[in-house]
Amino acid sequence: QVQLVESGGGLVQPGGSLRLSCAASGSIFSVGAMGWYRQAPGKQREWVASITGAGSTQYAVSVKGRFTISRDNAKNTVYLQMTSLKPEDTAVYSCNADVTFVSRTTTNAWGQGTQVTVSS
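What you are looking at is a predicted structure, and each value in this text was computed from that prediction instead of being measured.

**Remarks on unusual backbone geometry**
And then number 1: For Ser84, which is not glycine, the phi torsion reads 50 degrees and is therefore positive.
And then number 2: Locating Ser84 in the fold gives a position in the loop between β8 (77–82) and β9 (91–101).
And then number 3: Even without glycine at this site, Arg104 takes up a positive phi of about 80 degrees.

Here it is as structure tokens:
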């Protein structure tokens, strides 16, 4: 069993910055690709950014140039550094990861999400 727990969300003013973290725990052997998604009220969940096990990154057009995804394999953690935040960035941010257990079985896991609110 694996647990993904996001942290770092909160209230920030437009133009501000925020850093999200997502740590995986459990009987983990390794973590492959990881990513961030977000869902605003009344809208569908959308992909924000992804990072492969080798460190290659991709971003949604809406956040490119403002957000940076990174990872720390030693801590089984993925980060999302958000800068120049806009009210439209307000959403629940969830992390996703491909996890291989010590049993060598794999699964695609999701965290429960952390709220990010950008407002004056």
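**Structural notes on the sheet that holds strand β7 (residues 67–72)**
And then number 1: Read across the open sheet, the 4 strands follow the order β1-β3-β8-β7; overall the sheet is antiparallel. Among the strands making up the open sheet, the edge pair consists of β1 (2–7) and β7. When the angles between neighbouring strand axes are averaged without regard to direction, this sheet yields 15 degrees.
And then number 2: As defined by bridge partners, β7 adjoins β8 across 6 bridges and the pair is classed as antiparallel. Bridged to Asp72 within β8 is Thr77.

**Things to note about the pairing of strand β5 (residues 46–51)**
And then number 1: Of the pairings in the sheet, the one linking strand β4 (residues 28–39) to β5 comprises 5 bridges and is antiparallel in character. Note on β5: the bridge partner recorded for Trp36 is Ala49.
And then number 2: In this structure, the hairpin formed by β4 and β5 is closed by a connection of 6 residues, where Gly42 is found at a positive phi of approximately 75 degrees.
And then number 3: Taken together, β5 and the strand that follows it, strand β6 (residues 57–59), pair antiparallel across an intervening segment of 5 residues, in which Gly55 is found at a positive phi of about 100 degrees.

**Thoughts on the environment of Ala23**
And then number 1: Along the polypeptide, Ala23 turns up in strand β3 (residues 18–26).
And then number 2: The exposure class assigned to Ala23 is partly exposed, which follows from its relative accessible area of 33%.
And then number 3: Through-space distance from the C-alpha of Ala23 to that of Ala54 is 18 Å; in sequence the pair is 31 residues apart.

Parameters at a glance
- Residues numbered from 1 in each chain as written.
- Predicted model: local features only at pLDDT ≥ 70, side-chain atom pairs only at ≥ 80, totals over all residues.
- Heavy atoms only, no water.
- Helix = DSSP H or I, 4+ residues; strand = E, 2+ residues; numbered from the N terminus.
- Pairing = 2+ DSSP bridges.
- Axes fitted to C-alpha atoms, helices over the stretch in contact; angles between N-to-C directions.
- Buried < 20%, exposed > 50% of the residue type's maximum accessible area, 1.4 Å probe, protein only.

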